[in-house]
Structure formats: C-alpha cells, structure tokens
Amino acid sequence: MDKTNNSSRDLSADTLVEILVRLPPNSRRRLRLVCRRWKKLIDQRTATDMQRRTKIIAVAKGLTTFVIDLLKPGSPRLPLWRTNTYMAERNRTMSIVGTCNGLVCLCDDLIPGRAITIANPSTGETLRLPPLRTSRGLVDMNNNKKRSWHQTYGFGYHHGTGRYKVLHVPCHFDPIWQPRDIVHVFTLGEASWREVHAKTNARCSLGCSSIINVADMIYWLTEEAGKIMSFDLKHERVTGTKPLAVPVVPSTYHLAKVHGKLGVAVCDDDYVRLWVLEGEGWIHRYILELRQQEKWMMRRELVPHTHPERRSQASNTFRSSAVAMSSAAAAPEEPRPVRFGIMGCASIARKLSRAMLLAAPIAAVAAVGSRSEAKARLFAADNGLPAATRLHGSYEALLDDPDVDAVYLPLPTSLHVRWAVAAAGRGKHLEKPTALCAADLDAILAACEENGVQFMDSTMWMHHPRTAKMRELLDDRSTIGDVRVINSVFSFRANEDFLENDIRVKPDLDALGALGDAGWYCIRAILWAVDYSLPRNVVALRDPIKNQAGVLIACGATLYWADDKVATFHCSFLTNLTMDITVIGTNGTLHVTDFVIPYEEKSGPFSVASESNFAELHTGWVPQPSRHVVATELPQEALMVQEFCRLVQGIRDGGGGVERKWPAITRKTQVVMDAVKTSIDKGFQSVDVAS
C-alpha cells in the first residue's frame, strides 16, 4: 500500500485518515508499521501522542521469520523459529491463529491436524502441540493441499483460571472430521487434545474471518447464515448466540472485537454495518459508507504486541514443554486505564481532576472540554494535568474524541439531560450527572442502558471505607438493633458572592438550590441507613427560605415508613458547616459528624453507643460510646473514581454488563427529593413517594 503501488484497490488518503483518527493512539502506533504511506499519514494528520512504546515486532522475509528491537537500530535479529531448509519451507505456510499476552499461536496450513505451534517472539522458543486425533485416528498427513486451516483454530486465555486453550472446530471442506457434533480442545499444561460435545451444525465457515477470542469466550461463524457459536473457556460449553436480525450470507460478514465485545461487520456493495452484541441482543452501532472506487477493502489482522517488560515475564519462564508453556506464558497485560474527558471547568471539576490523577494507573485524564479552548487550557495548566491532555473548545468536540472512555460532567443540573444523553449515545460512560426531577433522570438512565454504558453519581462519601465499616455495624442487630430514627443535617454558611452569583442559586441553572445540593446528601444518608427502602410519604418542614428568584437556600422534611420508622433532614446555605448523620436503633446509636467531607483526608471518624444506660445517680453514661477511626490511603473521591473505573473496565475489556446498583440508588434518592419539592410547592402537604 505504498505510493509506488497504483492499485485501484488502495484506500484514499481521506478515507484512511477518517479510520485512523477513530483509533486509540496505541493502535495507531502499530499501524504506522504497516507501510510508508500509513506512517506518513499518521504522523502528519492524526494525534501527536505517537511516542513509540512498542519495542519489538515479528517480521517475515522470504523463508525466515524473526523479531527486531525497534528502539535499538542495528540490533541483531532474533529468529522466531529455526530456519533450516526443512523448517524454512514449512514456515512459509505458517499463519497466525491468535495472540494472548505475548504468545503467538501458529498454524501450518499445509499440515492439518499436526499444525499448531505456540511461539514466544521475545525468545524465539516454540512449543509444538501433539497431533490432533479424531475418532478415525490421526488426520491424513498426505492431504497437503494448501488450505486456510488456521481459520479452524482459535487461541484463548481465561482471566479467571489463568489457562490457555487452543480450540479446533470442524469446517465445511474437511470431510474426515467425524462426528460433526464435537470440537477439540487442547489446554496448555495437558498432554493431549480432548473432545467436547457441540451442537449440530456448529461447523465453522471459512473465508469470513478467523475464530476470535473475546472476553473469555471463543466465537466462530457457522455455515448457517447469521449463526454464531461460542465456546466458554472456563466451563468448556458450546452454545449459540442470538442470531443477527438482518439477512446476510456467509461471505458478507466478519467477526470483530469492538471495545471488548463481540461485533459483526456486515458488508454490502455500498456500506459496512457494524453490529455489537450487548447483553442478550445485537445493537447496530456503526455504519461506513464506501465510495465507488473504494468498494474493495483489504482486511489485514494486526497482531498486538505487549510491552517489553511483560514480554520479559514470558521469556523468563518459557520452556519447551506443555506444563512450562501453561505457566510461563506472560502474565496478562494490565488493563488499560479508563480515559476521562472532563466536560466543563467548574470548581468541583478541580477536585475530581485531582482524584483522577491520584487514582492512576486505573484512571487517566485524556481531555478537557469547555466553551472555549482557552478556558480548557487554563484549567489544564492550573490543575497540573498531563501535557498530552487534549483540549477542546466545545462540549461536542469532547464527545467526538475517540480516545475518551468516560465523561465527568460537572455542568449545571439543568444541562445534565442534554449532555448526559448525548454522551451516552456516543458510548461514553458517565460520572456525576443527576437531574432536576425523576423524569429527567430516567431519560439519562435510559440512554445509558440502551448504549451499555455505566452510570454513577458523584456522592463521594459512599466510597470511603468508613461507610462500609458503618454498614457492618448497622447490619449487626446486637449493636444497633432495628433502626427507628434517622436525623441528617448538611449546611454551610455561604458568602454574599455565592448567594448572588453561584449557579446553585440560579433558577435557570440549578433550580433546586440547597435541596438539590446539600439536601441530596442528607436524603442519600437516610436511605443508606435503612438499606435503601423507600419511605411511604414525606412532609416538608414549614417555612423554608428562598432567595428573591424563588430558589431554596434552606429547607427540610420528615420522611415516614410503613413500619413507623421516621427520618428528618435539614439543608442550608445559611448556617455553620455541619455534616451530621445520627442513626438510632433499638439497641444502639451511630453518629457521624463529618459524613460528606471527613475532617481529614486520610481518616474518617464515627462513634457508636450500644446498650447505653445511665450511670449510678444519673451522673454519666454506662458504657460510654466507642470512637472508631477508619484510615484510607486515598481520599474518598479517588476511591470513587477507582470503583467507577473498575466497572468501566469490566464492560470495555471484559465484555461484562453495567452495574445497576448505582443507577438504582440514584433514582431512589431522586424520587424522594421530588416528593420533598412537591410537598413544599403544595404548602407542606403529605406526598406519597413514587416507586
């Protein structure tokens, strides 16, 4: 594909760049190695973050295959496998089945059955698997017609068991594989292949794509159009996926891996449509329109190479035996960090940008978007963000950034629906956004569910280890007993500038005022204390205080449960800084006086009084409350970021689903807040809480 090649099959530069800019930087680094033209285009017209971190690459030239250290010009070539005359002739027919953690699975397309070799490119060492036997004995070794036998094999690694497995699936031009309702499995560390029962008509279809490994599963296309089978690497079960809901023929679709999930590219004369398996169904995610002169596209699989330090892990333990191969294969790569885009430069974004830096390596600040690029640049400089952080002069540009996995959204609440829904629609995971009402929140959560992205609000104290410790004590009936009464207060005395200009006192920006800000934390604390059981009804406290624009700056309410539990909260912008939770049970009382933001960043205190009574002559308490202090290495906001990132990585890299606990808790908080606001608006009437 160099400029010297004038083939009409070549992609236009514009089309190629449109593809390249949608790839993460690490992928573009590898694509620079394809040809001179791609290297020039990537260097000149895509992101500047192109520092070479990949240091070795496997190269085939003539009858030899070797690896080169790219960062050491003139370094010797390390043979990938022996290249005597016999081996050189054979290796010419080697094809790559797949890669896992730096190991390469190779198949000799001239020799079905005795074809599989596992290679470590770092050391050149290889391990040839034993011959594949079937119910009819050894495969016919005289059938040396060149076939795409490598497309009948898959190579996978299960992160839970740590086992590497090679899978063989019968194919349509292979009449000797009998019976047809089995697949063959070889586990590195074992001595022989095993047969595993498969469903009928599970034979793989060649010519569409190789068998691929996605999220601890191996998938392949069958001869039946639109039918995809899967092999569970842990339980070794063969099952079928839900068929595509579009008419296709085998030659028009190809398996793909899309953000850690199974994808299918369906091709016709003018378009390539990419479908992604989300949960139990397929979602149409992308479409590429082809120009008339570009309707032929070359498909080339690029083998990812691990970081050299991880390759050294493989080379240190790689041995020429099956047992050694199983344990010596390089340890799995560390998951890629979740790359955040910060949408807006509000003051709270400063705290969270610091949290993202502290949460490294699981998190990274990739981009900042503001209404002007100058403001984004100033924010990045003031908060010590990495020099590689991309700066966008609009929110749309941030959402279009392909290297952003998740968006932190510290905008005014009135803007959350628009931008949260837009972010979810672009596949960005969401942290922070709540809403003015449950209907708006439902729109955000529906967009997240539809697009398979994680949602989490930024109630930071939920992630402090103190919260988990207090939960243990609340669940201990001997310590607290049945919770009967909860009181919560969050207030701070705002200055005149805040009361006149802050977005939290503007009806068009944060119309809920103190209720939506401080009151949110009080309501969440109450629900947390009762394990998120919703109250039956709420009654707002009389005489709330509003500013001249009608925005609440101090208010409260009482919550009632059907079993006679009761809770009261007060929130205010007008009184001294107070952050209290008091949970009173039949046997004990839990008391926290800094629940929203701990007095000190690295510790969180609380007290517990259990089975309390009067001392003799009522001169004191017996026993006195016990004081507890829970230490933490990271502040609670960084722990929140880490938890969010773990959930995102499970979706992005592991093919898992979204964690619905956090959206559910957010919605319960929202519906209680809605009921309090309704009670205020209706003259402090009792308002039932919607489920």
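In what follows, the accompanying structure is described.

Let us now look at the pairing of strand β26 (residues 429–432). Pairing between strand β25 (residues 406–408) and β26: 3 bridges, direction parallel. Residue pairing for β26: Tyr408 is matched across the bridge by Glu431. In the classification by handedness, the crossover that spans β25, the intervening helix α10 (residues 416–425) and the parallel β26 is right-handed. Pairing between β26 and strand β27 (residues 455–457): 3 bridges, direction parallel. Within β27, the residue paired with Glu431 across the bridge is Met456. Running through helix α11 (residues 438–451), the crossover from β26 to the neighbouring parallel element β27 is right-handed.

What follows deals with the pairing of strand β34 (residues 588–592). Alternating residues of β34 divide into Gly588, Leu590 and Val592, all buried, and Thr589 and His591, none buried. Note that strand β33 (residues 578–585) and β34 share 4 bridges and pair antiparallel. Bridging across to β34, Val583 finds its partner in Leu590. Hairpin connection between β33 and β34: a loop of 2 residues separates the two successive antiparallel strands. In terms of strand pairing, β34 meets strand β35 (residues 603–610) through 4 bridges, oriented antiparallel. Bridge pairing in β35 links His591 to Ser607.

Both the distance between ring centres and the angle between the ring planes are used here to describe each pair of aromatic rings. Summed over all chains, the structure comprises 13 aromatic pairs. Summarising the aromatic geometry, the rings of Tyr157 and Tyr164 are spaced 4.5 Å apart at their centres and angled 50 degrees between planes, so their arrangement reads as tilted. Neither residue differs from the other here; Tyr157 and Tyr164 are each classed as buried. Among the aromatic residues, those joined into a ring-pair cluster are Phe490, Phe492, Phe498, Tyr521 and Phe573. A cation sits over an aromatic face here: Arg471 above Trp528, 5.3 Å from the ring centre.

Turning our eyes to something else, we now look at the packing of α11 against helix α17 (residues 661–681). Between α11 and α17, the shortest axis-to-axis distance is 9 Å and the interhelical angle comes to 165 degrees. The angle between α11 and α17 falls in the class roughly antiparallel. Like other packed secondary-structure pairs, α11 and α17 cross with a definite hand, here right-handed. In this structure, α11 uses Ala438, Leu441, Asp442 and Leu445 to contact α17, whose residues at the interface are Pro663, Thr666, Arg667, Gln670, Val671 and Asp674. Of the residues assigned to the contact of α11 with α17, the class counts are 5 nonpolar, 2 polar and 3 charged.

In a regular helix each residue adds 1.5 Å, so 14 residues correspond to 20 Å; α11 covers 20 Å between its end C-alpha atoms and thus fits that length. Residues Ala438, Leu441, Ile444, Leu445, Ala447, Cys448 and Asn451 constitute the buried set of α11. Following α11 by one or two positions, Gly452 adopts a phi angle in the positive range, close to 65 degrees.

Right, let's get into unusual backbone geometry. A cis amide bond links Ala360 to the next residue, Pro361, at an omega of 10 degrees. Within the secondary structure layout, Pro361 lies in the loop between α7 (347–358) and β23 (363–369). Here the amide bond leading from Val622 into Pro623 is cis, since omega sits at -15 degrees, within 30 degrees of zero. Here Pro623 lies in the loop between β37 (621–622) and β38 (626–631). With phi around 60 degrees, Asp543 is a residue other than glycine that occupies positive phi space. By the secondary structure assignment, Asp543 is in the loop between β29 (537–540) and β30 (545–546). Classification of Asp543 by relative accessible area gives exposed; the value is 67%. At Phe684, a residue that is not glycine, the phi angle is positive and equals roughly 70 degrees. Tracing the backbone shows Phe684 in the loop between α17 and β39 (686–688).

Moving on, we come to the sheet that holds strand β17 (residues 238–240). Two modes of strand pairing occur in sheets, parallel and antiparallel, and in both the strands are linked by backbone hydrogen bonds. An order of β14-β15-β16-β17 is seen for the 4 strands of this open sheet, with the pairing classed as antiparallel. With partners counted over all chains shown, the strands left at the sheet margins are β14 (212–214) and β17, one partner each. Going from strand to strand, the sheet's axes swing by 30 degrees on average, the running direction of each strand aside. Note that strand β15 (residues 217–221) and strand β16 (residues 228–232) share 5 bridges and pair antiparallel. Bridge assignment links Trp220 to a residue of β16, and that residue is Met229.

How each quantity is defined
Sequence positions are assigned chain by chain, starting from 1 and proceeding in written order. Since the coordinates come from a predicted model, pLDDT governs what is reported: local features require at least 70, and pairs of side-chain atoms require 80 or more to be given and counted, while whole-chain, interface and lining totals use all residues. Only heavy atoms go into the side-chain values, all of them from the structure, while hydrogens and water stay out. Paired strands are those between which DSSP finds at least two bridges. Put simply, DSSP marks the helices as runs of H or I at least four residues long and the strands as runs of E at least two long, and each gets a number from the N terminus on. Handedness of a crossover is defined as follows: orient the strands so they point away from the viewer, and if the path from the first strand over the helix to the second runs clockwise, the crossover is right-handed. Classification of residues uses two cut-offs on accessible area relative to the type maximum, computed with a 1.4 Å probe and protein chains only: under 20% is buried, over 50% is exposed, and between them is partly exposed. Each Phe, Tyr or Trp ring, with Trp reduced to its six-membered ring, pairs with another whose centre is within 6.5 Å; inter-plane angles below 30 degrees give stacked pairs, above 60 give edge-to-face pairs, and intermediate values give tilted ones. Distance and angle both matter: a charge sits over a ring if NZ of Lys or CZ of Arg is within 6 Å of the ring centre and within 35 degrees of the ring normal. Each axis is a line fitted through C-alpha atoms, taken for helices only over the stretch in contact, and angles between the N-to-C directions span 0 to 180 degrees. Note on terminology: angles under 35 degrees are roughly parallel, angles over 145 are roughly antiparallel, angles of 65 to 115 are roughly perpendicular, and the others are oblique. For a crossing to be left-handed, the near helix must be turned anticlockwise from the far one by less than a right angle; the clockwise case is right-handed. Two residues form a contact once any of their heavy atoms are found within 4.5 Å. Three classes are used, and their members are as follows: Ala, Val, Leu, Ile, Met, Phe, Trp, Tyr, Cys and Pro are nonpolar, Asp, Glu, Lys and Arg are charged, and the others, Gly among them, are polar. By this rule, a helix spans an expected 1.5 Å times one less than how many residues it contains.

As far as function goes, none of this settles anything; it's purely spatial.
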